[in-house]
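# Observations on chain architecture
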Amino acid sequence: MPDLTDFKNGLQDANEYLDTKHHLSGTAAFGNSNLRAVAQAEYSFTLRELLCGVLGGNGIKLPNIQICMSANIAELLKIPALQGELYDALSQLDGAMNDFMDHTKLDSVLGRLNGVLAEAQNVANMIAFCSTPVDPIAIPNMLERAMGSFLGAGKELIDQIGSIVPGQVCACIGTNGFNGNVFNGGILGKIANNIDAINAGNLGQSVIDSIRGDIENVASSVKNLINFENNINGAYSLGGSQFATPDPSCYSGVGVMHNPNNGSIAGNARLASSMKGLYDRLAGYPVTYRPGTTLGGTAGDVPNSASNLDPSDAEPIEYENIFKLLFDDDFLTLLDQADDPQSNVDNQIPVYDYCGTVIGYTTQVIQKEGDKSKGSDPTAPNSPGYLAGGLNTSDGNSATNTETVAEGSITVQGAGGANVYLVNSEQAQLALQTNTHDLVVRTDILTIFARLSTETNNFGTMADYQQSSVTFTTFGQNVNELSGEGFVSKDGTVAIARSITGTNNEITVINGNGAGGNPIIGLSDNAVIPGFGSITLPVGNTAQRSSPAQSGMMRYNNSTDDMEVYYADTNSWRNLATIEDITAQSNIFVNIGTGAEVYKQKNSSLEQEFRKVNTTGALNIVQNSNDITISDTLTASNLGTGAELFKSRVTNDLQFRKIKSSNNSVTITQDTNEIDLTIPGVANTTLTTTDANSTPVLFNTVALRPDTGKTWFFKLYVLAGRDSTKRAWQLHGVVQNNSDTDSFVGVVGRNDYQRNTGESTINPWSANSAYSSGTQVEYDMIIYESNTEISSGSSSSITSPDTNSDWNLIDSGWNTSVLLNNNQMSIRVRGDTSTVNWSLKLEYVEL
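This write-up is about the structure you can find in this document. (Residues numbered from 1 in each chain as written. Predicted model: local features only at pLDDT ≥ 70, side-chain atom pairs only at ≥ 80, totals over all residues. Heavy atoms only, no water.)

In this section: the overall build of the protein. From N to C terminus, the protein includes 16 helices and 41 strands. Here the protein, with 847 residues, has 32% of them falling under the buried criterion. When the accessible surface of the protein is summed, it comes to about 50300 Å², and 49% of that surface belongs to carbon and sulfur atoms. (Helix = DSSP H or I, 4+ residues; strand = E, 2+ residues; numbered from the N terminus. Buried < 20%, exposed > 50% of the residue type's maximum accessible area, 1.4 Å probe, protein only. Areas by Shrake-Rupley, 256 points an atom, 1.4 Å probe, with all protein chains shown as cover.)

Relative to strand β40 (residues 824-830), strand β39 (residues 815-821) is paired through seven bridges, and the arrangement is antiparallel. Among the inter-strand pairings, Asn-815 is bridged to a residue of β40, identified as Arg-830. Counted along the chain from β39 to the antiparallel partner β40, the turn is two residues long, and its residue Asn-822 has a positive phi close to 55°. (Pairing = 2+ DSSP bridges.)

Attention now moves to unusual backbone geometry. A cis geometry characterises the amide bond from Ser-547 onward to Pro-548, with omega recorded as 0°. As for its position among the elements, Pro-548 is in the loop between β18 (539-540) and β19 (554-557). Backbone geometry places Asp-740, a non-glycine residue, at a positive phi of 65°. Mapped onto the elements, Asp-740 comes out in the loop between β33 (725-738) and β34 (741-754).

Strand order across the open sheet formed by four strands is β35-β36-β37-β38, with mixed pairing between neighbours. Here the strands that pair on one side only, and so sit at the sheet edges, are β35 (763-764) and β38 (807-811). Where strand β37 (residues 782-786) meets β38, four bridges bridge the pair, whose relative direction is antiparallel. Bridge pairing in β38 links Glu-785 to Asn-808.

Before going further, it helps to spend a moment on the pattern of salt bridges. It is possible for side chains of opposite charge to pair when their charged atoms get near one another. Scanning the model with the defined rule gives 17 salt bridges in all. Between Glu-843 and Lys-841 there is a salt bridge; the shortest N-O distance is 3.1 Å. Judged by its relative accessible area of 25%, Glu-843 falls in the partly exposed class. Since its relative accessible area comes to 30%, Lys-841 is described here as partly exposed. One salt-bridge network, held together by shared partners, links Glu-85, Asp-209 and Arg-212. (Salt bridge = Lys/Arg side-chain N within 4 Å of Asp/Glu carboxyl O.)

Taken as a whole, this structure holds one disulfide when the rule is applied. Disulfide partner of Cys-170: Cys-250, at an S-S distance of 1.4 Å. Handedness here is read from the sign of the S-S torsion; for Cys-170 and Cys-250, about 65°, the answer is right-handed. Overall, Cys-170 belongs to the partly exposed group, its relative accessible area being 30%. The exposure class assigned to Cys-250 is buried, which follows from its relative accessible area of 12%. (Disulfide = S-S within 2.5 Å.)

Attention now moves to the packing of aromatic side chains. Evaluation of the coordinates by the stated rule reveals twelve aromatic pairs. A network of ring pairs unites the aromatic residues Tyr-279, Phe-323, Phe-327 and Phe-331 as a single cluster. Over the aromatic face of Trp-814 sits the side chain of Arg-727, whose NZ or CZ is 4.4 Å from the ring centroid. (Phe/Tyr/Trp six-rings, centres within 6.5 Å; stacked < 30°, edge-to-face > 60°. Lys NZ or Arg CZ within 6 Å of the ring centre and 35° of its normal.)

Of the residues making up helix α9 (residues 186-193), those classed as buried are Ile-187, Leu-188, Gly-189, Ile-191 and Ala-192. Looking at the buried positions of α9, the neighbouring elements they touch are α3 (64-76), α4 (84-103), α8 (153-161), β2 (183-185), α10 (195-200) and α11 (205-230). (Contact = heavy atoms within 4.5 Å.)

Right, let's talk about the nonpolar core for a bit. Among the nonpolar cores identified, the biggest contains 85 residues, and Leu-113, Ile-191, Phe-323 and Phe-327 are the most heavily contacted of them. Apart from residues no more than four positions distant in its own chain, Phe-323 is found in contact with Leu-113, Leu-278, Tyr-279, Leu-282, Ala-283 and Leu-332. (Core = buried A, V, L, I, M, F, W, Y, C linked by side-chain atoms within 4.5 Å.)

At a minimum axis separation of 11 Å, α3 and α8 run at an interaxial angle of 25°. In terms of orientation, α3 and α8 fall into the roughly parallel class. Between α3 and α8 lies a crossing whose hand is left-handed. Residues Ile-65, Met-69 and Ile-73 of α3 touch α8, and the partners they reach there are Lys-155, Ile-158 and Ile-161. Taken together, the residues of the contact of α3 with α8 sort by class into five nonpolar, no polar and one charged. (Axes fitted to C-alpha atoms, helices over the stretch in contact; angles between N-to-C directions. Parallel < 35°, antiparallel > 145°, perpendicular 65-115°, else oblique. Left-handed = near helix turned anticlockwise from the far one by under 90°. Nonpolar A, V, L, I, M, F, W, Y, C, P; charged D, E, K, R; others polar.)

The next thing to look at is the sheet that holds β18. Overall, mixed pairing links the four strands, which are arranged β18-β19-β20-β21 in an open sheet. Looking at strand neighbours, the two that pair on one side only are β18 and β21 (572-575), the edges of this open sheet. When β18 meets β19, the two strands line up parallel, connected through two bridges. Directly across from Val-539, in β19, lies its bridge partner Tyr-556.

The values are spatial; any link to function lies outside them.
Right, dumping it as structure tokens:
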């Protein structure tokens, strides 16, 4: 086996790489072969610098927030007990998130900017040409429509998926699945608030429906945004240069998706070239964004229902150009440099005759010393968005020479000066600037068009082209691609394989898809004829009876106006029984009026049968000589002791006493089936805890709090016990609800009656407050003590004690707390890892 290791000893410069002697170890080129070079020209210095930056994964603003959302959604889908409806909804959200990540890949972003450039060029060609002048959309407005994902609309969509606690973007990927601690809003925030029920597989249907509705809205918004804007391999460690210092603060806006490792160097070179060309053309145009608007609607900018801002009141935000939102400042400086290509190889030496005329050229290879990038060795940022989080952002590793023309079209330079264009729609075809004999391949209908003479056919319509093959309609394509067995049915433009099926007890079908022979259709044995109207028998005169006849045949004889049946016992046609026949046999009895029918039937012995009358319950029947008496024995009474609700019976009227409260000390509520007696301002409940987690307290499945515009003076009595250990205390205070936002008036007081901790004198922890060493605070019903001085406004003062090493755990005993959670009063208890039984009573006076 030959040694296939490339360049064991490394290379010193580009000359050695291009020199043929260095490619195969121990082998020297012969003749003129050692003068050949792979490259006949080089990228400009600036373009190569850009390429080094792209290869190094630096310069572009990283998509940390997209990676965060995608990773957490993926972790949610791994939950073993995830309910089916919630799994389907999260799968839809995962698909929408993947679509948005694809939409923000560097390839897609530059493609949309190319689309803006192509549109602007076409508009420029029409200015002052038509009788009514073209009134074009401003180029900054086109950029705003195409790049809304980065101007603010994309971030608002992300916030609807999951609002992240400030400073937590790069910490959002948990080590053990879904990291709900970093989400304080949006869909993922709602999921974080219910993660225990989700993990247990018992999330309530109303919450599931709410999450599903939110996801459907977000998925629709993502789809609308992508459609609106589109209208106008692992870590790479083999090279690259760094021109911008990695941002230590972790960029939290919508970043550009790009992973240079899963694309070839040629693919990254195409991106670098495209970046430079777009920057040189578009960097002079400022762009603006007005907060509170969404760019995904069909009617243009419209108010965003998820935003609290009124677009008409919001101050627009202006950026120098769109590239300010895509690349770091150092990288923008590199893009701003002049592009001056220099050839590394000069191989054309003219040969002159004695008159000084050039009669040919000779080839002389002169390889100059290659330039070096001015960038430093790449340093990988410590952010999840680096290298697109390992996700694929390249559409392929093709190194062909392609150029985006319009709507995804590709141009290939052909021989003889003609071009071949590859497009996917009629709109893209008509947008091409084609010459006579150019070919256009339409991928949407698998057809080739040849450009007719531009002098005689220049209408700007499909009449400018000659179609070279038959176009299959969508139906024809579907028929060609259809798999399976059955008959082909045309459903609109779609071909579908159908089978003939029968109806149970009515029609039977054998070989319904026709694959094994002709279908056989017949009536079922003992067939049931459906419908509510009638069934029509064969009608004919006596002479038209079937002959020979068979037993069971039935027809209507219009000669005698009788139904007749052929009977085998007499080998004759006989009429069905008529009214006269029945009368001759016996009298006819019928039930008239409504209600239960006393007459039943005439039996086979021609006896008339009647039903007996029975009673149950309080009804009594007495059969007399000439009549039957039906009476009732209904009574009513009061059972037990106390006030009697039943008063008396007056004939058929059962009379009951009403219930009232003269001094309003008892609230009486009457519904369809129940009368509810309650004492206003009093609620009781019990619960059991088996862990040390904070558990919400519900009264009759409801978390109690004041209604909007109401104020409570409340007292909460708490008794907790485990075996012989009992603890009791009381919490009291004033809480008010203004516009559905609760707040305490003063502090929540506490009286301990039986407690072995000092929590009654401990103040709650407050963010942004200063604390001296040794200060004890209560957070989430747990006592912590500071082990150092904590200054106000520092990172330590705004980080909760449970995640801050500046605090030590002092006591995690049983506790109860009345606190604000999402601006709403919440009552919570916390026990320990053993079983603790709780009994709570809430009293309040309302104003």
